[in-house]
Amino acid sequence: MWKWIGFIAVPAVLVAVVTVGSFTPTDETTISQAPPFQLAASDGSTVSLDQTLAQGDALLYFSMGVGCDGCFAQIPELEPLLAERGINLVPIMVDPAQTVDTEAARFGITRPILIDSDRDVSDAYGMMGIYGHGDRPSHSFALVRQNGEVAWVRHYAEMFVPADALLAELDAAAGA
């Protein structure tokens, strides 16, 4: 009987370790300087990181996108509060622009959402593979200072983070 328990227990423990590891993110970033990018937006325009940083600090918001109502609801809640602090919100999703634009309209979002269809930007910022989402970002943020420094990164398991909670963490961690 003990042989069978050992035979079953060892693989079960290994599966548990691998599973927990794949769903447990780190909020540490291995990049200190923001990788430059230029992405198409849901409105057909093209936006670069340099253009965005010319206006001030930016909070890059990598989200699951279509299929996650909380991901879209996060945008109009955060945008004005960040603007008061001189921080530009830059939402980035991987779904097709037309689909993103249709979903954004449901939430009254008129600002363009950047489209990272090949996921290169999401990958460069370490936003892929978080909380088991291998094909898209989860619900992650990166604060990029105007000088290009990545000052703060945070991944959330929740698909909507109340603005006051997110801003408190941002303030505490990045001195915003």
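None of these values were measured; they are calculated from a predicted model. (Residues numbered from 1 in each chain as written. Predicted model: local features only at pLDDT ≥ 70, side-chain atom pairs only at ≥ 80, totals over all residues. Heavy atoms only, no water.)

Chemist: Sorry, what's going on with the overall build of the protein here?
Modeler: Summing up its helical and strand segments, the protein has six helices and seven strands in all. Its helices and strands taken in sequence order, the protein reads α-β-β-α-β-α-β-α-β-α-β-β-α from the N to the C terminus. Taken over 176 residues, the protein has a buried fraction of 43%. In the protein, 65% of the contacts between residues at least 6 apart in sequence involve partners at least 24 apart. As displayed, the protein offers around 8900 Å² of accessible surface, 58% of which is attributable to carbon and sulfur atoms. (Helix = DSSP H or I, 4+ residues; strand = E, 2+ residues; numbered from the N terminus. Buried < 20%, exposed > 50% of the residue type's maximum accessible area, 1.4 Å probe, protein only. Contact = heavy atoms within 4.5 Å. Areas by Shrake-Rupley, 256 points an atom, 1.4 Å probe, with all protein chains shown as cover.)

Chemist: Where do I start with the pairing of strand β6 (residues 139–144) in this structure?
Modeler: In regular strands, side chains alternate between the two faces of the sheet. In terms of residue burial, β6 counts as a mostly covered element, since six of its six residues are buried. Burial of β6 is two-sided: the residues His139, Phe141 and Leu143 facing one way and the residues Ser140, Ala142 and Val144 facing the other way are all buried. Both strand β3 (residues 57–63) and β6 contribute to a ladder of six bridges, which runs antiparallel. Following the sheet pairing, Tyr61 is matched in β6 by Phe141. Where β6 and strand β7 (residues 150–155) come together, five bridges link them in antiparallel fashion. The partner of Ala142 across the bridge, within β7, is Val153. Adjacent in sequence and paired antiparallel, β6 and β7 are bridged by five residues, among which Gly148 carries a positive phi angle near 90°. (Pairing = 2+ DSSP bridges.)

Chemist: What is the right way to look at the pairing of strand β1 (residues 38–41) in this model?
Modeler: Inspection of the sheet shows β1 paired to strand β2 (residues 46–48) by three bridges, in the antiparallel sense. Bridge assignment links Ala40 to a residue of β2, and that residue is Thr46. Taking the residues between adjacent antiparallel strands as the criterion, β1 and β2 are bridged by four residues, where Gly44 takes a positive phi near 95°. Both β1 and strand β5 (residues 114–115) contribute to a ladder of two bridges, which runs antiparallel. Considered in β5, the bridge of Ala41 is made with Leu114.

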